[in-house]
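Take a look at the letters that make up each chain.
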Amino acid sequence: MEKKEFYAHGKLLLTGEYGVLDGALSLALPARYGQRMQVHPLQEKRVFFCSLTTEGIPWFEEELFVGSSNPIAQTLEKILREAQRLQPGFLSQTGARVTTRLEFPQGWGLGSSSTLIAMIAQWALVDPYQLLWNSFGGSGYDIACAMASSPILYQLQEGQAKAYPIYYQPSFANSLFFVYLNQKQNSREGIAHYRAIKKNKPTLIQQLSLLTESVYRCEYVAQFTSLISQHEALLSNFLQLPTVKERLFADFEGAIKSLGAWGGDFILAVGQANYVREYFSDKGYTTIRSFQEMILPTDREPILPPSPQDLP
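Residues numbered from 1 in each chain as written. Predicted model: local features only at pLDDT ≥ 70, side-chain atom pairs only at ≥ 80, totals over all residues. Heavy atoms only, no water.

1. Quick notes on helix H1 (residues 71–86)
Argument step 1. Helix length check: H1, at 16 residues, gives a terminal C-alpha distance of 23 Å against a target of 22 Å (1.5 Å per residue), a fit within 8%.
Argument step 2. Considered for burial, the residues of H1 that qualify are Ala73, Leu76, Glu77, Ile79, Leu80, Glu82 and Ala83.
Argument step 3. On its buried face, H1 sits against strand E3 (47–52), strand E4 (58–64), helix H2 (112–124) and helix H3 (128–135).
Argument step 4. Capping the start of H1, asparagine 70 holds a side-chain oxygen 2.8 Å from the backbone nitrogen of isoleucine 72, two or three residues further along. (Helix = DSSP H or I, 4+ residues; strand = E, 2+ residues; numbered from the N terminus. Expected span 1.5 Å × (residues − 1). Buried < 20%, exposed > 50% of the residue type's maximum accessible area, 1.4 Å probe, protein only. Contact = heavy atoms within 4.5 Å. Polar contact = N/O pair within 3.5 Å; in protein donor to acceptor, adjacent residues only side chain to side chain.)

Right, dumping it as structure tokens:
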């Protein structure tokens, strides 16, 4: 029995955060950073799991299905049991020694869980979206990014995940920077806050979808700056939360946008490279990645995005 190897990309959600849960068209970016997994089959029906940091240091190492009280072990068991439910032959006769290794620090929020679920789905030969929804829930855009080879337009339609691969390399990419806020955001708390709001969500979804299309078609940095500022203002009003720029960076001479659940992880900053790096470094935010450093590149020629109703 030979070992198997799997890989999945991390993710960033450029537009449509929160609304993606209810069918908003969203622009999602697979990251250059991801997670790897090696599976060494065992003849005995035991499962050992080891998770390594970027430096190769174990941060979790345990045998599963032996009554562990470790919440990480319990989460892994939940995912594997769901994979077995979807694919009854999975791990039915053999065991495995599984080793994963992140290419990004755990706190970055690029998708340590979603990349893992995508890889386990590959291993078990099951639908990764079903594995996600049956074990954790969520929109599924992170799963789409995990398996993508280019940026995507993503949308939930009647409970089905629709991912449309696109070319996205804006002419002003050298003005786009991803800045880590030195804290990991709890996505579930952000989603719970959004779910509790009983306003007119169809209107929000329509507005977010239109902004997504406009952002994707945008050719100039001034227009892009305006669009992401509109996006921030729209969600700020809906969520009744201040934007990240209002809260932390009011004196920044450029646009700033939250990426994913508001409050942590990475933000997008638009501005000249020297100014952006100096501004955020002076404030103690030293993890700054350019668009080229962070986002998985694409080689295809530009294509126009579909309208929401045209997604396959």
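2. Re the sheet that holds strand E11 (residues 288–290)
Argument step 1. The strand order across the open sheet formed by four strands is E9-E10-E8-E11, and the pairing between neighbours is antiparallel. Among the strands making up the open sheet, the edge pair consists of strand E9 (255–258) and E11. For this sheet, the mean inter-axis angle between neighbouring strands, taken without regard to orientation, is 25°.
Argument step 2. Sheet analysis places strand E8 (residues 176–180) next to strand E10 (residues 266–270), joined by five bridges and oriented antiparallel. Across the sheet, leucine 176 pairs through a bridge with valine 270, a residue of E10.
Argument step 3. Docked against the sheet, helix H7 (residues 221–239) engages E8, E9 and E10, running at close to 45° with respect to E9.
Argument step 4. Helix-sheet contacts for helix H9 (residues 273–282) involve E8, E9, E10 and E11, and the interaxial angle to E11 is about 165°. (Pairing = 2+ DSSP bridges. Axes fitted to C-alpha atoms, helices over the stretch in contact; angles between N-to-C directions.)

3. What to know about unusual backbone geometry
Argument step 1. Here tyrosine 18, not a glycine, exhibits a phi torsion of approximately 70°, which is positive.
Argument step 2. Checked against the element boundaries, tyrosine 18 lands in the loop between strand E1 (4–13) and strand E2 (26–42).
Argument step 3. Within the chain, glutamate 158 stands out as a residue other than glycine whose phi angle is a positive 50°.
Argument step 4. Mapped onto the fold, glutamate 158 is located in the loop between strand E6 (152–157) and strand E7 (160–165).

4. Considerations on the pattern of salt bridges
Argument step 1. If you walk through the whole model with that rule in mind, you get 10 salt bridges.
Argument step 2. The salt bridge partner of aspartate 22 is arginine 195, with a shortest N-O separation of 3.0 Å. Remark: arginine 195 occurs in helix H5 (residues 187–196) and aspartate 22 occurs in the loop between E1 and E2; sequence separation between them is 173 residues.
Argument step 3. Taking relative accessible area as the criterion, arginine 195 reaches 38% and is therefore assigned partly exposed.
Argument step 4. If you follow the salt bridges from partner to partner, you end up with Glu44, Arg46 and Glu63 in one network. (Salt bridge = Lys/Arg side-chain N within 4 Å of Asp/Glu carboxyl O.)

5. Things to note about the packing of H2 against H3
Argument step 1. Put simply, H2 and H3 touch, their axes get as near as 9 Å, and they point 125° apart. For the element pair H2 / H3, the angle class is oblique. Seen along the crossing, H2 lies across H3 with a hand that is right-handed. Two secondary-structure elements touch here, H2 through Ile117, Ile120 and Ala121 and H3 through Pro128, Leu131, Leu132 and Ser135.
Argument step 2. Along the lines of polarity and charge, the residues of the contact of H2 with H3 split into six nonpolar, one polar and no charged. (Parallel < 35°, antiparallel > 145°, perpendicular 65-115°, else oblique. Left-handed = near helix turned anticlockwise from the far one by under 90°. Nonpolar A, V, L, I, M, F, W, Y, C, P; charged D, E, K, R; others polar.)

6. Concerning H7
Argument step 1. Helix length check: H7, at 19 residues, gives a terminal C-alpha distance of 27 Å against a target of 27 Å (1.5 Å per residue), a fit within 8%.
Argument step 2. The set of residues buried in H7 consists of Phe224, Leu227, Ile228, His231, Glu232, Leu234, Leu235, Ser236, Phe238 and Leu239.
Argument step 3. Each element contacted by the buried residues of H7 is listed here: E8, H5, helix H6 (201–217), helix H8 (244–248), E9 and E10.
Argument step 4. Two residues or fewer past H7, glutamine 240 is found with a positive phi of approximately 55°.

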